[in-house]
Amino acid sequence: MISQLAILLSISAAILLIAYITAISSRDLVRLLISLELMFGAVFLAILPLFSIAPTMAFAIALLTIFTSASELLVLITAIILLDKRKKGIGVDKVAVGGDSL
Amino acid sequence: MDAVTSLIAAAGAFAVLSSIGVLLTRDNFYAALYMSVTMLLIAAIYAVYNVQAVVVMIALIFIGAVGIITVAVAASYRSMPSRRVDLLWVAPVIVVFAIVCYAYIKLAKGAVSPIEFGYFSAVPTDYLLVVIFLFSVIILMMLSAIKLARRVEP
C-alpha cells in the first residue's frame, strides 16, 4: 500500500523535474519565470509533511517561503519588462553574457 | 486506499499533468494558465489536510497576485519560441534531482497527519512581527524595482 507521504513526495519530485526541464529548455524569460513558479510549487508540497511533526515551525517556513518567493517573482517580472525596454526582446540569449558593459 | 489518499493522488496526478502542459505548450499564455492550475491543485492538497491558512496564502498571493501578473506578462509576450535543451545544464539537473530523490527515499519516514493548530488565530499573535517584516520586504523590493524602472531609458 502506498503511503500518503510517498504520494506527496513523488508529486513534488515530478513537478520539480518538469520545472527543471522547462527551465533548461526555455528560450525566453517568461517561460523561465513560469518554471521558477513551478519549482516553488514543488517546494510547497515538500513542506506539507512538516506540518505533522512541527506545525508552528512548518507554518513559519511556509510564511517565509510564500512571501519571499512572491516578492522575488514580482521583482523578476519587473526585470523582464526592463530588459524588454533596454534590449528590445526577452530572449534568454540577450542576457547570456550578463554583467555591465564596459 | 482510503478517501483522503485517493483525493491526494487524484489532485496530484492532475497537478503533474498540468505541469506537463506547461512544458509541452508553445504559447506562453497557456503555459502561465497551466501553471496557475498547478498551483491551485497544490493548494487543494493543502485543503485536504485542513491547513487552510496556507491555502488562503497560496490562493491570494501566488495565484491571485503573482499568477495573474504572470498571465498578463505572458499574454503580452505571447511568442512561440522553438524549444532547445541546453546540454550544459543537463548534468547539474540530473545531479540535483538525484540528490533530491535520494533524500526523499532515504530520509522521509512516517505518516502525514497535520496536527490541529489554530493557524489563523496564531497570525495576529505569534507571527505578527514576521508578517510585518515580510510585508516591509515586499514593499521595499517593489520600491527599489520602481526606482530602477524610472531610471531606465525607453
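Residues numbered from 1 in each chain as written. Chains lettered and ligands numbered in written order. Predicted model: local features only at pLDDT ≥ 70, side-chain atom pairs only at ≥ 80, totals over all residues.

A.B. asks: So, the overall build of chain B: which residues are in play, and what are the values?
C.D. replies: On a plain count of helices and strands, chain B comes out with six helices and zero strands. Put simply, chain B runs from its N terminus to its C terminus through helices and strands in the order α-α-α-α-α-α. Within the span of chain B, comprising 154 residues, buried residues form 27% of the whole. (Helix = DSSP H or I, 4+ residues; strand = E, 2+ residues; numbered from the N terminus. Buried ≥ 20, exposed ≤ 12 C-beta atoms within 10 Å, placed from the backbone.)

A.B. asks: How would you sum up the domain arrangement of chain B? Please name residues and give values.
C.D. replies: Taken domain by domain, chain B holds domain 1 (3-81 + 88-122) and domain 2 (123-154). For domain 1 of chain B and domain 2 of chain B, the distance between their C-alpha centroids amounts to 24 Å. (Domains from an automatic or database assignment.)

A.B. asks: Give me the nonpolar core: which residues, what numbers.
C.D. replies: Ranked by size, the top nonpolar core spans 65 residues in total, and within it A:Ile15, A:Leu45, B:Ile42, B:Tyr46 and B:Ile58 carry the most contacts. Breaking this core down by element, the ones donating at least two residues are helix 1 (4-25), helix 2 (29-47) and helix 4 (55-87) of chain A together with helix 1 (3-24), helix 2 (28-48) and helix 3 (52-76) of chain B. Top element by residues in this core is helix 1 of chain A. It accounts for 13 residues. Excluding residues within four positions of it along the chain, B:Ile58 makes contact with A:Phe44, A:Ile66, B:Met39, B:Ile42, B:Ala43, B:Tyr46 and B:Ile63. (Core = buried A, V, L, I, M, F, W, Y, C linked by C-beta atoms within 7 Å. Contact = placed C-beta atoms within 7 Å.)

A.B. asks: Now, about unusual backbone geometry: what can you tell me, with residues and values included?
C.D. replies: One non-glycine residue, B:Asn50, lies in the positive phi region at around 65°. Relative to the helices and strands, B:Asn50 resides in the loop between helix 2 and helix 3.

A.B. asks: Mind laying out the interface of chain A and chain B, listing which residues take part and the relevant values?
C.D. replies: Counting residues at the interface gives 53 residues for chain A, matched by 69 residues for chain B. Counting only elements with at least two residues in the side of chain A that touches chain B, the list comes to helix 1, helix 2, helix 3 (50-53) and helix 4 of chain A. Looking at the side of chain A that touches chain B element by element, the count peaks at 19 residues for helix 4 of chain A. When its residues are assigned to classes, the side of chain A that touches chain B shows 38 nonpolar, nine polar and six charged. (Nonpolar A, V, L, I, M, F, W, Y, C, P; charged D, E, K, R; others polar.)

A.B. asks: Got a sec to walk through the environment of A:Phe44? Specific residues and values, please.
C.D. replies: By the element assignment, A:Phe44 lies in helix 2. In this structure the C-alpha to C-alpha distance between A:Phe44 and A:Thr65, which are 21 residues apart in sequence, comes to 8.1 Å. Every residue in contact with A:Phe44, bar those within four places of it in the chain, is listed here: B:Ile42 and B:Ile58.

A.B. asks: Give a detailed account of the packing of helix 4 of chain A against helix 6 (residues 128-151) of chain B, specifying residues and quantitative values.
C.D. replies: Contact geometry for helix 4 of chain A and helix 6 of chain B: axes closest at 10 Å, N-to-C directions at 5°. Classified by the angle their axes make, helix 4 of chain A and helix 6 of chain B are roughly parallel. On helix 6 of chain B, the residues that touch A:Ala60, A:Leu63, A:Phe67, A:Ser71, A:Leu74, A:Val75, A:Thr78 and A:Leu82 of helix 4 of chain A are B:Val130, B:Leu134, B:Val137, B:Ile138, B:Met141, B:Met142, B:Ala145, B:Leu148 and B:Ala149. Its residues assigned to classes, the contact of helix 4 of chain A with helix 6 of chain B shows 15 nonpolar, two polar and no charged. (Axes fitted to C-alpha atoms, helices over the stretch in contact; angles between N-to-C directions. Parallel < 35°, antiparallel > 145°, perpendicular 65-115°, else oblique.)

A.B. asks: How would you sum up the confidence of the model for chain B? Please name residues and give values.
C.D. replies: In low-pLDDT regions, the fine details of the predicted coordinates are not to be read closely. Within chain B, residue pLDDT values average 84, and 95% of them lie at 70 or more. Both scores are available for the predicted complex, with the pTM at 0.86 and the ipTM at 0.88. (pLDDT = per-residue confidence, 0-100.)

A.B. asks: Explain the packing of helix 1 of chain A against helix 4 (residues 90-107) of chain B to me, using residue names and the numbers behind them.
C.D. replies: The relative placement of two packed helices is expressed as an angle between their axes plus a distance between the axes. With their axes 11 Å apart at the nearest point, helix 1 of chain A and helix 4 of chain B run at an angle of 170° to one another. One way to sum up the angle between helix 1 of chain A and helix 4 of chain B is to call them roughly antiparallel. For the pair helix 1 of chain A and helix 4 of chain B, contact is made by A:Leu9, A:Ala13, A:Leu16, A:Leu17, A:Tyr20 and A:Ile24 and by B:Val90, B:Val93, B:Phe97, B:Val100, B:Cys101 and B:Tyr104, respectively. The class makeup of the residues in the contact of helix 1 of chain A with helix 4 of chain B is 12 nonpolar, no polar and no charged.

A.B. asks: Please set out the environment of B:Phe133 residue by residue, giving values where relevant.
C.D. replies: Residue and element names in this part refer to chain B. Looking at the secondary structure, you find Phe 133 in helix 6. Judged by C-beta crowding, with 12 C-beta atoms within 10 Å, Phe 133 ranks as exposed. Taking the C-alpha atoms as reference, Phe 133 lies 41 Å from Asp 2; in sequence the two are 131 residues apart.

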